[in-house]
Each structure stands twice: as structure tokens, then as C-alpha cells.
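Spelled out from the first residue to the last, the chains are:
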Amino acid sequence: MNPQRAARLSLAAACVLPAFACAATPQPDKADTAWMLVATALVLLMSVPALALFYGGLVRSKNMLSVLMQVFVVFSLVTVLWCVYGYSFAFTQGSAFFGGTSRLFLTGLGDTFRDEWALAPTFSKATPMYEIVFVAFQATFAAITCCLILGSLVERVRFAAVLIFVAIWFSLGYLPVAHMVWYWPGPDAYSEASQVASLNASAGYIWQMGALDFAGGTVVHIDAGVAGLVGAFLLGKRIGWGREVMRPHSLTMTMIGASLLWFGWFGFNAGSALEANASAALAFLNTYLATACAVLAWTFAEWILKGKPSMLGAASGAVAGLVAITPAAGNVGIAGAFVIGVAAGVICLWGVTALKRRIAADDSLDVFGVHAVGGITGALLTGVFNSPDLGGPGAVQDWVTMTRGYPGILAQLWSQVKAVGITVAWSAIVAAAACKIADTAVGLRVNEEQEREGLDIHSHGESAYDY
Amino acid sequence: MKLITVIIRPFKLDDVRDALTEAGVTGVTVTEVKGYGRQKGHTELYRGAEYVVDFVPKIRLETAVPDARVDVVIDAILEAARTDKVGDGKIFVTPLDHAVRIRTGEIGEDAL
């Protein structure tokens, strides 16, 4: 049970009785609520259709529907699991690694008949949000993280294996990392200095270290990128990899997908402020600017190194920039956005070329090279550019007085390194176990004939295009 | 009668069609094809993956002409399709035994 949330729920309930002084209980702001509902819908758009189109355009036409279908169904599956147990294990108080059971099946979020609602904390005192909004917002994060992994597995993975892998990895990979990074009691709980130590100890393990992750550099992108690479290793290479031509069948759709990702990412990053405030606006501009920087950086680097600036390069640069600015969005100033964007464009180009050749796994759509490499780049640079000396906002160090500060570049960078390391190890181990279980249960891959024929016909009984 | 089969660069199709019309050709069949000759293919780069594309897109035209007009038609095609660079294509002339217009049943050169 989460005592802070329970206390607030009972306070909110008490307000219907005239004997209590209701002015003491802050209610959610309507503008904040409206913004967060819109932001939630924007993050949904990032998965379906944006990510589905981005990935779908990159595969051969015989596998187009299988990619769209995997993204569509995984998104739905994770959403349902989130409401059954995911939210409770990620965002209620339990241990430092795993949440509790007080919100199983989303019980305790309010009394719909009496119109009384549980409230969740934001990052400002006396500024709660409806917990049902937070549940929905975070559901879209969990769902897109699992969809991101699919890019490593496409064109040969068995559909049933995808569902088993995702259910396991979501439960034991995503949920603990989300809890470790993001669960904390909220600012209103910190009312006296004497409580600080026990309140801090109730938060997630990585949150306690003081690691900064605004919108999910570790939880979403490093997590998914590492799981994807492990999956690609255990699944094996596509038949003909390195010998046959595996050209993307529609870079037009990939460009549409990348553009919709950029659009939806404003909900992802600016929404992670949880309020319609200056922090959201800063995250919005940083998301916009860093992405444009990364597009230019990737394009010019590719032009210089490979001879031609490609559309796929520009679209990949956009995603790399979006990934890298995610942990930084509201945690750095404009200078940070410039540097993180440019760095992401160049480093992720290296991630999908030279680094990929050394790894020699068939990470088909470069989930590791873009999301893990970009996520690590962003997570580490967040620690640097959070510094007020570099235009960053620092972070609240004392939640009783809401005093901001910055522990120094080396100290903050070390927190970021530890957060990255824990996420990489945790995700890799769970992904390997999930692959083994799915392989034993149904077999990870389709057979050779089915792979050559294409997953659309074999796994789904339909064709994407009538020609 | 002769069957003239022509392989040209795709962007030359309109020029060749106009030239053939001026040369008195009344019908042409056009197909999009891929092939290779002396013109090398090209490489395509998708992030880290580089693919050599050996087959170059071309247009194939087929037209049947009376023996007397073969040279005029060939000259018209040469004029219209040439860029003086490798990859301009080829003209093949083969003997044609018979022709029938399906609608009327006309045969031989009357059917062209």
C-alpha cells in the first residue's frame, strides 16, 4: 500500500463532507489535466501508427503486415497487462526494485459514482494530478517500449514467440526498471526534514541515487535497445543476411513514421513534466531543437563519410535525436539540446555502421544502434548539461524546501553511469531468459520455407499489397 | 516485315515515342524491364548495409514495321535515344513471319 496516495485519497474523499475544510486539499488543475490527456494520446500515436510505419517501411514487402501486426498487438497486450498488474508493480510503494499490489486491476483509483478520485503527485507541491491520468500516460510508455524491441526481431520471429517474450520481459524487465527509476513518494510527502531519509528510502533504487531521467532514456530506450540486441543474438540472423539484398520496401512510409514520431514525442517528453508549465515548455523546445540538430548531424556526417545524404539517414537522425534528448528534455538548457542533438546524430551513425559490424548480430532495424546507443549518449550528457554552469536547471535536492542544486559534473555523471549500467544488465538478463522461455514454449523462429515466403502470408494469411 | 525491339533509357521514352510517330510508326508496345550490359549497376546504402544493384531499369519498346521503313525507324530511334554515354541501349531487328489484326482479320503489312 502506498500510504501517501492512500492518505490523499481519503483526504479527497473527506472533502464531500461539509464539516471538513476543503480548501486544504489541492485539486488537479484543469489545464494540467487537459494537457496530460492530450500528451497521452500523442504518445499512443508514436506506436500506432508512427513506429509501425517507421519499422514497416524498412522491411521487405513480404513482411510488411507482420511488422504492423506485431506493433499493433504488442501495444494492446502491454496496455492490458499494464492495467491488470503493471501499473501497481511499477508505481506503488514496495521494495526499491518492485512496487506493491495496492493497484492490481487498477483498484483504488477512485469512486466513479461519488466522483471522488485518487490523486498522484507531480513535481510541484500542492499540484496533484488525477491518478487515472497518470495511469494512462504511463501505460503508453510501457507499451511503446515493448514495441521498440520488435525492430530487432522482425522478418523471422514467430508471432506467438513475440507475445510470450513481450509478456515476460514487460513483467520482469520493464516494470522493475520503471519502478527503480521513477517511483518516489512525491513532493507533498516531504513536509519535514526529519522524514527525508525514510521517504527517500521508500523510493526506487535508481531514483535514490539521484540519477536523472526526464522521460525514459534508461527506462524506455536503453531498456528496449539492449533487449532487442539480446533478442537478435538468440534469434539468429535472417536467411541470406549479408548475401541477399534486403532493401527497405518503402522509405516513404519510414519518413512518415519518423515524422509522426517527432510529433508524438512532444507528448512523450513535454508530457513527462506532468504539468502544463515551464518545465514542459523547456522539454518541448529541447525535443524540437535537438532532433533538428541530429537530422543535420547525421545527414552531413553521412554525406561526408559515405558520399550521399540519404532520406533513411535523415529519418534515422531524427529518431536518434529524439531518443537522446528524452532523458535530458526538461533537465538541460538550450545549450544541452544543441550538443546532445549533434552528438546523437554522429554517434548513432557510428552505432549502426562501425559498431554494428563489430557486434555482427542481425539487429534488423538497428534498435540497439539507435535506441541503446542514443539513450546512453543522452543519459550521460544529461548528467553534464544539467549543470547550471552549462545552462541547465539543476535538480531539486531538498524536496522539503524545494531547493534546487547540482552535485557537480563528476558526481552527477557517476549517478548516470550507474543508472545506465543497472538498466543494461537488468534488461539483458531478463531478455535472455524471456527468449529462452519463448523458444522452449513455441520456438522463436518460423521455419526456412516460411521465412522465404514471408511472414505476411505464412503467419497472418494476408498480403500488404495487391501486386 | 521486321520486329524492332529497342532497349532505351527510361527518361528517353517520350522523345523516342515522338520520333517514332514522326517516322510513321502507328503502334508501339512498352515494357518496364531491368537488365545489364556494359553500363555497370550501382550501390545502394541503407545505414550500414550496402547492396550492389546489378540490374539497371530500362524501357523495352517493340514495334513491327514494313521492310521498307526499317532504316527510317532505326535512324529516328538513334536520333532520339542517344546521349553518347554508356547505357543508351540497343536496337534488335528480327524477321517477322506473319501479322494479323484481330478486329478485322487483315494479315501481313495491312495489319500493321
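Residues numbered from 1 in each chain as written. Chains lettered and ligands numbered in written order. Predicted model: local features only at pLDDT ≥ 70, side-chain atom pairs only at ≥ 80, totals over all residues.

It is worth spelling out the overall build of chain A at this point. When helices and strands are tallied, chain A shows 17 helices and 6 strands. Here the C-alpha atoms of chain A give a radius of gyration of 22 Å, agreeing with the 23 Å that 2.2 N^0.38 yields for 467 residues. Structurally, chain A occupies a C-alpha span of about 75 × 50 × 35 Å along its principal axes. A buried classification covers 55% of the 467 residues belonging to chain A. (Helix = DSSP H or I, 4+ residues; strand = E, 2+ residues; numbered from the N terminus. Rg over C-alpha atoms; globule rule 2.2 N^0.38 Å. Buried ≥ 20, exposed ≤ 12 C-beta atoms within 10 Å, placed from the backbone.)

Moving on: the overall build of chain B. A count of helical and extended segments in chain B gives 2 helices and 6 strands. Each helix (α) and strand (β) of chain B, taken in turn from the N terminus, gives the series β-α-β-β-β-β-α-β. Relative to its full complement of 112 residues, chain B shows a buried share of 16%. Partitioning the intrachain contacts of chain B with sequence separation of at least 6 by distance along the chain shows that 70% fall at a separation of at least 24. (Contact = placed C-beta atoms within 7 Å.)

Right, let's talk about the interface of chain B and chain A for a bit. In this complex, chain B contributes 7 residues to the contact, which on the side of chain A involves 13 residues. At 3 residues, the largest contribution of residues to the side of chain B that touches chain A is made by strand β3 (residues 42–46) of chain B.

Attention shifts here to the confidence of the model for chain A. Reading predicted coordinates in detail is not appropriate for stretches of low pLDDT. Here chain A averages 94 in pLDDT, and 95% of its residues register 70 or above. The model gives residues 1–22 of chain A a pLDDT under 50, and that stretch makes 28 contacts with residues more than four places away or in other chains. (pLDDT = per-residue confidence, 0-100.)

Before going further, it helps to examine the sheet that holds strand β1 (residues 2–8) of chain B. For sheets, the rule is that strands pair by backbone hydrogen bonds, running either parallel or antiparallel. Residue and element names in this part refer to chain B. Spatially, β2-β5-β1-β6 is the arrangement adopted by the 4 strands of the open sheet, whose pairing is antiparallel. Among the strands making up the open sheet, the edge pair consists of β2 (29–35) and β6 (90–95). The average angle at which neighbouring strand axes cross in this sheet is 25°, direction not considered. Strand direction decides the pairing type here: β1 and β6, joined by 6 bridges, are antiparallel. Across the sheet, lysine 2 pairs through a bridge with proline 95, a residue of β6. (Pairing = 2+ DSSP bridges. Axes fitted to C-alpha atoms, helices over the stretch in contact; angles between N-to-C directions.)

On to helix α8 (residues 217–235) of chain A. All names here are of chain A. Its 19 residues place the ends of α8 25 Å apart at the C-alpha level, agreeing with the 27 Å of an ideal helix rising 1.5 Å per residue. Buried residues dominate α8, accounting for 17 of its 19 residues. Looking at the residues trailing α8, positive phi occurs at glycine 236, about 90°. (Expected span 1.5 Å × (residues − 1).)

Below, the discussion takes up the environment of Glu109(B). Residue and element names in this part refer to chain B. With respect to the helices and strands, the residue glutamate 109 is situated in the segment after β6. By C-beta crowding, glutamate 109 is classed as partly exposed, having 15 other C-beta atoms within 10 Å. Along the sequence, glutamate 109 and histidine 98 sit 11 residues apart, while their C-alpha atoms lie 8.6 Å from each other. With near-sequence residues (within four places) excluded, glutamate 109 lies in contact with Met1 and Pro66.

Looking now at the environment of Ala411(A). Residue and element names in this part refer to chain A. As for its placement among the helices and strands, alanine 411 is situated in helix α15 (residues 409–442). When the 11 C-beta atoms within 10 Å are taken as the criterion, alanine 411 is described as exposed. In the structure, alanine 411 is positioned 201 residues away from glycine 210 in sequence and 9.6 Å away in space, judged by C-alpha atoms.

Our focus in this paragraph is the nonpolar core. Grouped together as the largest cluster of nonpolar side chains are 150 residues, with contacts concentrated most on Leu51(A), Cys146(A), Leu261(A) and Ile340(A). One finds Ile4(B), Val16(B), Val73(B) and Ala81(B) within the second-largest nonpolar core, a separate group that totals 12 residues. (Core = buried A, V, L, I, M, F, W, Y, C linked by C-beta atoms within 7 Å.)

Turning our attention to the confidence of the model for chain B. The predicted model of chain B has a mean per-residue pLDDT of 94, with 100% of residues at 70 or higher. Reported for the predicted complex are a pTM of 0.89 and an ipTM of 0.81.

Turning our attention to unusual backbone geometry. Looking along the chain, the bond that leaves Val48(A) and enters Pro49(A) is cis, with omega of 10°. Turning to its location among the elements, Pro49(A) is positioned in helix α2 (residues 30–58). Of note, the phi angle at Asp366(A) is positive, near 60°, even though the residue is not glycine. Inspection of the secondary structure puts Asp366(A) in the loop between α13 (354–359) and α14 (367–385). One non-glycine residue, Arg47(B), lies in the positive phi region at around 55°.

Two quantities define a packed helix pair, namely the angle between the axes and the distance from one axis to the other. Residues and elements named next belong to chain A. Where α2 contacts helix α9 (residues 251–271), the axes come no closer than 7 Å and their chain directions differ by 155°. Viewed along their axes, α2 and α9 adopt a mutual orientation that is roughly antiparallel. In terms of crossing hand, the pair formed by α2 and α9 is left-handed. Per-class residue counts for the contact of α2 with α9 are 23 nonpolar, 9 polar and no charged. (Parallel < 35°, antiparallel > 145°, perpendicular 65-115°, else oblique. Left-handed = near helix turned anticlockwise from the far one by under 90°. Nonpolar A, V, L, I, M, F, W, Y, C, P; charged D, E, K, R; others polar.)

Residue and element names in this part refer to chain A. Running from amino to carboxyl end, helix α11 (residues 311–325) crosses helix α12 (residues 334–352) at an angle of 125°, the nearest separation of the two axes being 8 Å. The orientation of α11 with respect to α12, classified from their angle, is oblique. Remark: the crossing between α11 and α12 carries right-handed chirality. Where α11 approaches α12, its residues Ser316, Gly317, Ala320, Gly321, Val323, Ala324 and Ile325 are matched on the opposing element by Ala337, Ile340, Gly341, Ala344, Gly345, Cys348 and Val352. Split into classes, the residues belonging to the contact of α11 with α12 amount to 9 nonpolar, 5 polar and no charged.

A few words on the pairing of β2(B). Residues and elements named next belong to chain B. Burial analysis of β2 places just 0 of its 7 residues in the buried class, which makes it a mostly uncovered element. In this sheet, strand β5 (residues 56–65) lies alongside β2 in antiparallel orientation, the contact comprising 7 bridges. Its bridge partner being in β5, threonine 29 is matched across the sheet by glutamate 62.

Our focus in this paragraph is the environment of Ala211(A). Residues and elements named next belong to chain A. Looking at where alanine 211 falls in the secondary structure, it is placed in the loop between α7 (205–208) and α8. By the C-beta count within 10 Å, which is 27 here, alanine 211 ends up buried. Separated by 25 residues in the primary sequence, alanine 211 and glycine 236 place their C-alpha atoms 35 Å from one another. Discounting residues that sit within four places of it in the chain, alanine 211 has contacts with Ile206, Ser415, Gln416, Lys418 and Ala419.

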